[in-house]
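# A structural walkthrough
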Amino acid sequence: MSNLVKICPVAELPVNLGVGALVNGQQVALFKLNNGDVYAIGNFDPFSEANVLSRGLVGDLQGQKVVASPIYKHHYNLKTGECLEDSTVKVPSYQVVVQNDELYLAV
Amino acid sequence: MRIVMIGHGMVGHRFLETLAKKASVPHEVIVLAEEPRPAYDRVQLSAFFSGKTAEDLSVTPTDFFSTTGYGLQLNTRATHIDSAAKTVTTQSGDVIHYDKLVLATGSYPFVPPVQGNNREGCLVYRTIEDLYAIQETAAKSKVGVVVGGGLLGLEAAKALKDLGLETHVVEFAPRLMAVQIDDMGGKVLRTKISELGVGIHTERNTVEIVDGEKCRHAMKFSDGTSLETDMILFSAGIRPRDDIARASGITVGARGGIVVDNFCRTNAPDVYAIGECALWDGKIYGLVAPGYQMAEVACTHLLGNEDKQFTGADMSTKLKLMGVDVASIGDAHGTTAGSLNYSYIDERNQVYKKLVVSNDGKKLLGAVLVGDVEAYGDLLQLKLNDMTLPEKPEALILPASDGSKPVGLGVDALPMSAVICSCNNVTKQDLCTAIEVGVMELGELKSCTKAATSCGGCSALVGQVLKCELQKRGVEVKKDICEHFAYSRQEMYHLAKIGNIRTFEDFIVKHGKGDGCDICKPTAASIFASLWNEHILKKPLAGLQDTNDYFLANMQKDGTYSIVPRIPGGEITPEGLIIIGEIAKKYKLYTKITGGQRIDLFGARVEQLPVIWKELVDAGFESGHAYGKSLRTVKSCVGSTWCRYGVQDSVGFAIDLENRYRGLRSPHKLKFAVSGCTRECAEAQSKDVGVIATEKGWNLYVCGNGGMKPRHAELLAGDLDSETLIKYVDRFLMFYIRTADRLQRTSVWRDNLEGGLDYLKDVIINDSLGIADELEMQMQYVADTFACEWKEAINNPETLKRFRSFVNSDEVDNNVVFVQERGQIRPATAQEKAGRIAVAEV
């Protein structure tokens, strides 16, 4: 069973942009899209070995919601954490829960 | 096999290139060259006086001889050929054996046998050494005369004009360019050149040159008149350099020239002659294109293949003489029996066009064009391919009455054998073959076929062939920038402009699909910035920006940022330096001087950016836009204020330019430079916009590039005053912003521009599209609405909220680790982070 960790009010997240969060010492990248859906994946980009994914541009490619790493421009699926350019690479993805306008992460 | 070649000019070099490409086994090659440097572009000599250097004119890649293994002996004059023993003797007495010998000795300028023709300051115009002599003499002269009003003579006159001399042309014949154009064309050309302030004296036969009263010399003419001048350039035709052949018993023509057959063979076994020294069918070809053909024929034959022959060459020419377009095709004088003329003259705009057609009106025999040579490409193809003329041939030279373009023949009608680029002998078939294997861009087509890479006159035609062939192949030339927008960047720009679109949401709903991506979002952001110039971190715009623009800083490999305050023109006070130094010290930043003459501060974490910038803004600094696809810097040398050679205040002008164009968003980054004199210490010719001071003002260069594929900038206009220069730069930049692809630097944009530099000049200087006012107005709007992005950001609490590592914590990224090196920080390596090496905390 995973624990729900409270992050912040959903309203704190800017639309169509990422923000970083620190959850039990782990860095997470959170993204709130146009329709209000929130996604969470690891903030660490394995190609640049830097915590930068929360600072990437979000969008969609071939029907998948993605974020582009700002350093070497790899794309990661926001739902699964899979890298579109290299199927052997995957960053962690987290379940997101919204309760009473507060955002929780399942870790 | 040992191949010896005497002479290393353009044609000789073409022979070597062909040999290197075609020979299946390596051959020993020895080139004996009389001049002190390898082959250079003799056709473009006058460019030397408008800013090109001897190096720029070179046609020999620096590694050509090292990679081919061919031997080049410079300053080595061959003096004798023993065709029985198969040896060449050099002036130093070396005797070199050959298996095959190629004579590519070229020609020398004809100096009329006039008394006094060897006086001081009487020069010729042929080699780079001649150019140095001309430059030196011109420095102590006020008036210069060119003897000879032909093609080369007018080129030489341009050189004197560029050197700032009062210039005259003296011609024996009744008109200029007597060989290529007729009386009417000569008249129009004369008017045009006279208007440029060049004195034209036709029907003058110089009898002697004596001491002048006001000038160094006085030229006395047979009609009793005279002309005073300080220097004289003889450019009255060329003569073949056949002396070594003549002295060695190889057959030469009665009026000179080494006699060759269709394989370019002389009468001596295994001895070939090519280019201007060769006499084929009683003719000397004084143009480079036939020389290139000879080089290829001789090389093919020498390698044992007889499938290529030289059977004469077309002497049609198109050129720009002192800014005047002139072209001549085939039988320009209508000497063919029964030929008929069509002619069109517009004395107000000084345009003259003439067609010479066959008696039945079906075939084009020749043409003359002065002042407007747009029809040249079509007419030349009609002539060369012996094609049937359209029913009303006059339509080919008449301006269309409804303002549309005159009818052309359409490239589709050309046979595959049609030579599109005569300088490099590239046929339509060659272009189609390249297109067949996947070339889809004009720039790429040019570089892989070499078409339009010499004189560039066929550039538009090459572009038309490409377009037509791609269409025929059903290739949809996809310029879609990504899966969300089925448009090129240029189309997106116009959609946004016309539709007054200011947000990405509006844009994608109206013209795209899906959510967008990291390609189309920054492109839209850049277009909005160029058009509307709103703060890039305003709410709907912020989410479109790449991380660099979003945080107004440059992300480095470890996720930290670097900071670049603007230092216009590279000028900074000691106080400014101290403040930057103190800030760097306080926040423990790594500092480095950039190539653009400013200071880059590295190692700032996201949450540090606003506090650091607050201090910089308070001290009077503003954003340097190093993070944006926008104007970076205007580099400058110290200029006339301090430098003993400087002729203009380059620092002052660089600051003006930087302040005008700061913050301008464009398809890619833009770099400028201003040099205070021709020594060019600011390296302006490697910049998107380069400005070089002259005695009279500024020369404006555009579309240069350093980087992966360096490209020299090209002269757009010369001797401009500051106001006109800024006008041209306004127009140039806005035209680029409107039409370039995403992330396309000005250099690549220019290489892909149909019509090339001439077209660009037309749009910028002559306003051929009628958009100059609009472009200037748009630039003025951007300049007027400029605001420092950092100043706005630090004063906006909403914006400031974004500068934090974590939404739920004030901790910092513990993966950012620095170590000390040479007294400053640098990012720790993975091993250092893993703790295998002791890490110094900072």
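These figures come from a predicted structure and were not determined experimentally.

Our focus in this paragraph is the interface of chain B and chain A. Listed by partner, the interface residues are 37 residues for chain B and 32 residues for chain A. Summed over the three residues of chain B that lose the most area to chain A, namely Asp 518, Val 807 and Asn 808 of chain B, the buried surface amounts to 22% of that side. Summed over the shared surface of chain B and chain A, the number is two salt bridges. As a salt-bridge pair, Asp 515 of chain B and Lys 65 of chain A come within 2.4 Å of each other at their nearest N and O atoms. Counting across the chain B and chain A interface gives 14 residue pairs in polar contact (both at pLDDT 80 or more). Listed by contribution, the elements that provide at least two residues to the side of chain B that touches chain A are α15 (520-532), α17 (547-550) and α27 (830-833) of chain B.

Let us now look at the packing of aromatic side chains. Residues and elements named next belong to chain B. Enumeration over the complete set of coordinates arrives at 20 aromatic pairs over all chains. Both rings, one in Phe 732 and one in Trp 749, keep their centres 5.9 Å apart while their planes meet at 65 degrees; by these two values the pair is edge-to-face. Remark: Trp 749 occurs in helix α22 (residues 746-751) and Phe 732 occurs in helix α21 (residues 722-739); sequence separation between them is 17 residues. On the basis of relative accessible area, Trp 749 is assigned to the buried category, the value being 3%. Ring pairs connect the aromatic residues Tyr 550, Phe 551, Tyr 561, Trp 613, Trp 790 and Phe 803, which therefore count as one cluster.

Next up on the list: the confidence of the model for chain B. Residue and element names in this part refer to chain B. Residues of chain B with pLDDT of at least 70 account for 97%, and the chain-wide mean is 91. In this model residues 402-407 is a low-confidence stretch, pLDDT under 50, and it forms seven contacts with partners more than four residues away in sequence or in other chains. As a predicted assembly, this complex carries a pTM of 0.63 together with an ipTM value of 0.93.

With that settled, the discussion passes to the sheet that holds strand β15 (residues 226-229) of chain B. Across a sheet, paired strands are connected by hydrogen bonds in the backbone, their directions being either parallel or antiparallel. Residues and elements named next belong to chain B. Pairing is antiparallel in the open sheet, where three strands are placed in the order β13-β14-β15. Taken across any chain shown, the strands that pair with only one partner, and hence form the sheet edges, are β13 (206-211) and β15. Geometrically, the sheet is characterised by an average inter-axis angle of 20 degrees between neighbouring strands, direction not taken into account. When strand β14 (residues 217-221) meets β15, the two strands line up antiparallel, connected through four bridges. Paired with Lys 220 across the bridge in β15 is Ser 226.

This part takes up the state of the cysteines. All names here are of chain B. Tallying each qualifying case throughout the model produces zero disulfides over all chains. For Cys 482, which is in no disulfide, the shortest distance to another cysteine sulfur is to Cys 520 and amounts to 3.7 Å. Among the residues examined, Cys 482 registers a relative accessible area of 15% and is labelled buried.

Glancing now at the side chain of Lys 32 of chain A. All names here are of chain A. Among the secondary structure elements, Lys 32 is positioned in strand β3 (residues 26-32). Despite its burial, Lys 32 pairs with no opposite charge; the closest candidate is Asp 101, at 9.4 Å N-O. Apart from the residues within four sequence positions on either side, Lys 32 is in contact with Val 10, Ala 11, Leu 13, Pro 14, Val 15, Asn 16, Leu 17, Asp 37 and Val 38.

Structurally, Thr 633 of chain B can be placed in strand β32 (residues 631-636). Excluding anything up to four places from it in sequence, Thr 633 of chain B contacts Gly 596, Arg 598, Glu 658, Leu 670, Lys 671 and Phe 672 of chain B.

Opposite charge on two side chains permits them to pair, given that their charged atoms come into close proximity. All names here are of chain B. On inspection of all chains with the given rule, the structure shows 55 salt bridges over all chains. Salt-bridge contacts for Lys 586 lead to Glu 615; the nearest nitrogen and oxygen are separated by 2.5 Å. Remark: Glu 615 occurs in helix α19 (residues 609-618) and Lys 586 occurs in helix α18 (residues 574-586); sequence separation between them is 29 residues. In this structure Lys 586 comes out as exposed when scored by relative accessible area, which is 52%. For the salt bridge of Asp 751 with Arg 711, the shortest nitrogen-to-oxygen distance reads 3.2 Å. Linking Asp 751 in helix α22 with Arg 711 in the loop between β35 (698-702) and β36 (714-720), this pair joins segments that are 40 residues apart in sequence. Residues joined by salt bridges that share partners form a network here, namely Arg 14, Glu 17, Glu 296, Lys 308 and Lys 450.

All names here are of chain B. The geometry of α18 relative to α19 is characterised by a closest axis approach of 10 Å and an angle of 160 degrees between their N-to-C directions. When the axis of α18 is compared with that of α19, the two are roughly antiparallel. The two elements α18 and α19 meet at a crossing, and its hand is right-handed. Contacts between α18 and α19 involve Ile 580, Ile 583 and Lys 586 on the former and, on the latter, Ile 612, Glu 615 and Leu 616. Here the contact of α18 with α19 is composed, by residue class, of four nonpolar, no polar and two charged.

All names here are of chain B. With respect to the element layout, Ile 563 can be found in strand β29 (residues 561-563). Ile 563 sits 26 residues away from Leu 589 along the chain, and the two C-alpha atoms are 9.5 Å apart. Setting aside its immediate chain neighbours within four residues, Ile 563 contacts Ile 599, Asp 600, Leu 601, Ala 604, Leu 609, Ile 612, Trp 613 and Leu 616.

Rules used in this analysis
- Residues numbered from 1 in each chain as written.
- Chains lettered and ligands numbered in written order.
- Predicted model: local features only at pLDDT ≥ 70, side-chain atom pairs only at ≥ 80, totals over all residues.
- Heavy atoms only, no water.
- Contact = heavy atoms within 4.5 Å.
- Buried area = accessible area lost by both parts, 1.4 Å probe.
- Salt bridge = Lys/Arg side-chain N within 4 Å of Asp/Glu carboxyl O.
- Polar contact = N/O pair within 3.5 Å; in protein donor to acceptor, adjacent residues only side chain to side chain.
- Helix = DSSP H or I, 4+ residues; strand = E, 2+ residues; numbered from the N terminus.
- Phe/Tyr/Trp six-rings, centres within 6.5 Å; stacked < 30°, edge-to-face > 60°.
- Buried < 20%, exposed > 50% of the residue type's maximum accessible area, 1.4 Å probe, protein only.
- pLDDT = per-residue confidence, 0-100.
- Pairing = 2+ DSSP bridges.
- Axes fitted to C-alpha atoms, helices over the stretch in contact; angles between N-to-C directions.
- Disulfide = S-S within 2.5 Å.
- Lys, Arg positive; Asp, Glu negative; His and termini not counted.
- Parallel < 35°, antiparallel > 145°, perpendicular 65-115°, else oblique.
- Left-handed = near helix turned anticlockwise from the far one by under 90°.
- Nonpolar A, V, L, I, M, F, W, Y, C, P; charged D, E, K, R; others polar.

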